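Each chain, letter by letter, is given below.
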Amino acid sequence: MDIKTFLKDNIVVLDGATGTELQKAGLKVNELPERWNISHAEKLIDLHKAYYDAGSNVVSANTFGANSLHFNDVELEEVIAAALDNVKTARELSTAKQEKFVAADIGPTGKLLEPYGDLKFEDAIEIFAKTVRLCAKYGAEIIFIQTMNDSYETKAAVIAAKENCDLPIFVSNAYGENGKLMTGATPAAMSTMLEGLGVTAMGVNCSYGPDELAGVVDDLLECSSLPVIFMPNAGIPKNLNGKAVYDVSAEDFAKIVATAVNKGVRLVGGCCGTSPEYIKLLAQAVKDITPKTTEPKRLTRISSYSHEVRFGLKPVVIGERINPTGKKRFKQALIENDKGYILKEGVNQAESGADVLDVNVGIPDIDEKTVLPDIVASLQAIIDLPLQIDSSDAVAMEKAVRLYNGKPLINSVSGKKASMEAVFPIAKKYGGAIIALTLDENGIPDTANGRLDIALKILNEAEKYGLNKENIIFDTLCMTVSANPIAANVTLDALKLIKEKTGCFTSLGVSNVSFGLPDRETLNAAFLTLALESGLDMAIINPFSAPVMKSVKAFNALTGKDANFNDYIAFATKNATAEIVPVRTEEDAGLKTAIIKGLKDQAAKSAKKLLEDKEPLALINEEIIPALDEVGKGYEEKTVYLPQLLMSAEAAKAAFEIIKEKSAAKNGSIKCDFVLATVFGDIHDIGKNIVKLLLENYGFNVIDLGKDVPPEKIADEVVRRHAPLLGLSALMTTTVPAMEKTVALIKRLAPWCKVVVGGAVLTEEYANKMGADKYAKDAMETVRYADSIFNKL
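Because the structure is a prediction, the values reported are computed rather than measured.

In this section: the sheet that holds strand 24 (residues 754–758). If you walk across this open sheet you meet the five strands as 22-21-23-24-25, and the pairing is parallel. Only two strands of the sheet have a single neighbouring strand rather than two, namely strand 22 (701–704) and strand 25 (774–775). As defined by bridge partners, strand 21 (residues 673–678) adjoins strand 22 across four bridges and the pair is classed as parallel. Residue Val675 lies in a different strand from strand 22, and its bridge partner there is Ile703.

Structure, rendered in structure tokens:
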């Protein structure tokens, strides 16, 4: 029996922790656990067998960190081959009677992907692809992508798995205390993207104990059409006599996780701190629970890196401004590669009420295959709205959809055979909801029934590609009434008919109706109201048009789609004048605004202009630092996510570069030295790098010692510089002892130095017990503390 068949009618029991169990068995701080697959094969076999004996259906090989960043090609193949051989041997040795499967465990690279880090998306795919190919070669039956805290890296790993094997794919992500991934994705956003990508099961692992992650599980069960995975830690680690001890017992763990199974979770296991005993009790706790069927939710939705947009709750507004049709200034920006203007159009539309942004760059003067993916990536770097990728060039479309962070809206397919053959495979491979135009080789039918016939043909063909009707949104094509006075009536009749007969959602490009007539906004607003009353779900409009946006807000208020009239009142208060005025252009928006919005080019231009009249230090204190403070406050209050924080920091960095060019000296902007390192044995540096970027923008001289740094080297650097501040990062439980040793050494050799510690495995209690001066839960807290210490020097 294969795992997909078994999963249909059974609760799947996964295994527990590998890293913390190997640490108990003697794994040293500076050892890569994967090397034990060869040097300590008997211990791995014993551990895997213990999990099978405890009742696990799926045991994962010790391949979590087995990738080309950590091993050369020869050793990578050796450790993966040994890892899978160890699990298969354990399966043969186990006398337990349950169905048993072998999974390859694939963890994160430890790097942030562009534009927030230095790892390119395609490079990330290839890193994962090498591992996937070897895991498939040596007998893995499941690809299990685990502990991912970034939606983009998750997508890279899934694409690598899809392109390099035909095995089932499980995905579980690591959510923070706010119920989101490190880079901002909600459970609903991850469900939207992963369902689109076609994985087998999805869920949550690591980070916290079962109680703390219960809300994430509930969110996934509400929206996911896939079986949900739940693999929490054994609580929060505490320092007891120098060892990490988790605070949830095996009995309590089993009881809490079993409660989630009663709600509908289908795959359960454990992460950090869980042992075979935990899995044994868990298997016993769920053995008599009848599995709840995973029902298709039939949701039509798209997503960005942070959130989903779900159709049917209220009309979805798609901003039409990033499109060259009828826009001379936009065409000029494309030809001149004026990305600042294009990004400004995106920011303005987001602030004017758009839910989604259309992105079309199709003009003859440019290479759309290069420009479209670049503009999509650039917009996603600074705006968290989902995008509609709009192109008639299938190659350009696929390139953009491939690198898109989330599940996009694809515009468009038609009833033409060639169009469906080009677009449907893209949507199937990468996930995407599709705008379907009701036209075919014979043109646009003059009647509503004619357009319905094309809609039915499109649905029939989409089904052949495995695309459900929930992912098809019909555009009944709004024609200009100046050429045909009954065109609007036919469009609305077709909209109502198709919605009734297919149950699919609908879309219209509203502005077409008024082409060639005066006072177009009045006609557009009136037609939009008629269309909304006829059942329109998504309108492609100009969000800068006050009459059109008023139509949307008023419709929602009058039809019960605006609770307590909150949106209508806020909109009416903000826009008391006759038209919406977008924010200032990139030339005059100001340095502070540019930094807050993450507009690097604009920040550099503004800094250069301001330096004509201002001293560098005044610019820093009056513009840059207040902007960073505003974004930082938003991050601390959970209204701004990590990508926005990082892009604001990059914009500030661009301004600083201009200041450096103006003045070789930094005019007193350097505060003091801050030594930074990831502790010995830990090869993850994402958190450290984020802290470095923010500290530098706040004027600290950061001495970055890198990752896997011995305590002695850190202490030597602190003493040599007489540094008043040291930051230490650790992601792995196995490296916390190295952090403790480093803190103790600093306290002995450099008692003047304040030590800040952080990382996913730490708590404030743990930090206090090891003698650290400060536990920082995130990068901004590190900055605030560093400022407080500097002000006392």
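What follows continues from the structure just given.
All right, on to the sheet that holds strand 18 (residues 472–475) then. If you walk around this closed barrel you meet the eight strands as 13-14-15-16-17-18-19-20, and the pairing is parallel. Sheet twist, expressed as the average angle between the axes of neighbouring strands with direction ignored, equals 30 degrees. Sheet topology places strand 19 (residues 505–509) next to strand 20 (residues 538–541); three bridges connect them, and they run parallel. If you follow Gly509 over to strand 20, its bridge partner there is Ile540. Along the sheet, helix 16 (residues 417–430) contacts strand 16 (409–414), strand 17 (433–437) and strand 18; its crossing angle with strand 16, the most-contacted strand, is approximately 155 degrees. Taken strand by strand, helix 18 (residues 487–502) contacts strand 18 and strand 19, and its axis lies near 160 degrees from that of strand 19.

The next subject is the environment of Cys272. Topologically, Cys272 is positioned in the loop between strand 10 (267–268) and helix 11 (276–286). Remark: the alpha-carbon pair of Cys272 and Asp773, spanning 501 residues in sequence, is separated by 26 Å. Setting aside its immediate chain neighbours within four residues, Cys272 contacts Ala17, Thr20, Cys206, Asn233, Ala234 and Tyr246.

Ile143 and Ile624 are the most contacted members of the largest nonpolar core, which has 203 residues in total. Ranked by residue count, the leading element in this core is helix 25 (residues 642–662), at twelve residues. If we skip the residues at most four places from it in the chain, Ile624 touches Leu591, Ile595, Leu619, Ala652, Ala655, Phe656 and Ile659. Counting 30 residues, the second-largest nonpolar core is a separate cluster that includes Ala677, Ala738, Val743 and Met770.

So, about the packing of helix 5 (residues 73–93) against helix 6 (residues 121–137). When two helices pack together, their arrangement is given by the angle between the helix axes and the distance between those axes. The geometry of helix 5 relative to helix 6 is characterised by a closest axis approach of 9 Å and an angle of 40 degrees between their N-to-C directions. In terms of orientation, helix 5 lies oblique with respect to helix 6. When the axes of helix 5 and helix 6 are compared, the crossing they make is right-handed. Judged by residue contacts, Asp73, Leu76, Glu77, Ile80 and Leu84 of helix 5 engage Lys130, Thr131, Leu134, Cys135 and Lys137 from helix 6. Here the contact of helix 5 with helix 6 is composed, by residue class, of five nonpolar, one polar and four charged.

Opposite charge on two side chains makes pairing possible when the charged atoms of those side chains draw close. Throughout the structure, instances matching the rule amount to 43 salt bridges. Of the charged contacts in the structure, one is a salt bridge between Lys671 and Asp787, with a shortest N-O distance of 2.6 Å. In this pair, Lys671 sits in the loop between helix 25 and strand 21 while Asp787 sits in helix 30 (residues 779–790), placing the two residues 116 residues apart along the sequence. Assessed through its relative accessible area of 24%, Lys671 is described here as partly exposed. As a salt-bridge pair, Glu781 and Lys774 come within 2.9 Å of each other at their nearest N and O atoms. What emerges from the salt-bridge pattern is a single network uniting Glu195, Glu222, Arg301, Glu308 and Arg310.

A few words on the confidence of the model for the protein. Residue-level pLDDT values for the protein average 93, and 97% of them are 70 or greater. This stretch, residues 583–588, has a pLDDT under 50; its non-local contacts, to residues over four places away or in other chains, come to 13 contacts. Long-range and interchain partners of residues 664–668, a stretch whose pLDDT sits below 50, account for three contacts in this model, where long-range means more than four residues apart.

Next up on the list: a nonpolar patch on the surface. Among the surface-exposed residues, Phe565, Tyr568 and Ile569 lie close enough to one another that they form a single nonpolar patch of about 300 Å² accessible area. Checked against the element boundaries, Tyr568 lands in helix 21 (residues 566–574). The class for Tyr568 is partly exposed, based on a relative accessible area of 37%.

Within the element layout of this structure, Pro626 appears in helix 24 (residues 616–636). By relative accessible area, which is 25% here, Pro626 ends up partly exposed. Measuring from C-alpha to C-alpha, the distance between Pro626 and Ile596 comes to 9.6 Å, with 30 residues separating the pair along the chain. Setting aside residues no more than four positions away along its own chain, Pro626 makes contact with Lys592, Ile620 and Asn621.

Before going further, it helps to examine helix 19 (residues 520–533). The end-to-end C-alpha separation of helix 19 is 20 Å, in line with the 20 Å expected for 14 residues at 1.5 Å each. Along helix 19, the positions that sit buried rather than exposed are Asn524, Ala525, Phe527, Leu528, Ala531 and Leu532. The secondary structure elements touched by the buried residues of helix 19 are helix 18, strand 19, strand 20 and helix 20 (546–558). Gly535 sits one or two residues past helix 19 and shows a positive phi near 110 degrees.

We now examine the packing of aromatic side chains. A ring pair, where both rings are aromatic, is described by two values, the distance of the centres and the angle of the planes. Enumeration according to the criterion identifies eight aromatic pairs in this entry. With centroids separated by 5.8 Å and ring planes inclined at 50 degrees, the aromatic side chains of Phe6 and Phe101 adopt a geometry described as tilted. With a gap of 95 residues between them, Phe6 in helix 1 (residues 3–9) and Phe101 in strand 3 (residues 101–106) connect regions that are remote in the sequence. Across the pair, exposure class does not vary: Phe6 and Phe101 are buried alike. A ring pair is formed by Phe700 and Phe790, whose centres lie 6.3 Å apart and whose planes are at 80 degrees; its orientation type is edge-to-face. Here Phe700, found in the loop between helix 26 (686–697) and strand 22, pairs with Phe790, found in helix 30; they are 90 residues apart in sequence, far enough to count as distant.

Criteria and cut-off values
Residues numbered from 1 in each chain as written. Predicted model: local features only at pLDDT ≥ 70, side-chain atom pairs only at ≥ 80, totals over all residues. Heavy atoms only, no water. Pairing = 2+ DSSP bridges. Helix = DSSP H or I, 4+ residues; strand = E, 2+ residues; numbered from the N terminus. Axes fitted to C-alpha atoms, helices over the stretch in contact; angles between N-to-C directions. Contact = heavy atoms within 4.5 Å. Core = buried A, V, L, I, M, F, W, Y, C linked by side-chain atoms within 4.5 Å. Buried < 20%, exposed > 50% of the residue type's maximum accessible area, 1.4 Å probe, protein only. Parallel < 35°, antiparallel > 145°, perpendicular 65-115°, else oblique. Left-handed = near helix turned anticlockwise from the far one by under 90°. Nonpolar A, V, L, I, M, F, W, Y, C, P; charged D, E, K, R; others polar. Salt bridge = Lys/Arg side-chain N within 4 Å of Asp/Glu carboxyl O. pLDDT = per-residue confidence, 0-100. Patch = residues over 30% accessible without salt bridge, like charges linked within 9 Å, V, L, I, M, F, W, Y side chains within 5 Å. Areas by Shrake-Rupley, 256 points an atom, 1.4 Å probe, with all protein chains shown as cover. Expected span 1.5 Å × (residues − 1). Phe/Tyr/Trp six-rings, centres within 6.5 Å; stacked < 30°, edge-to-face > 60°.

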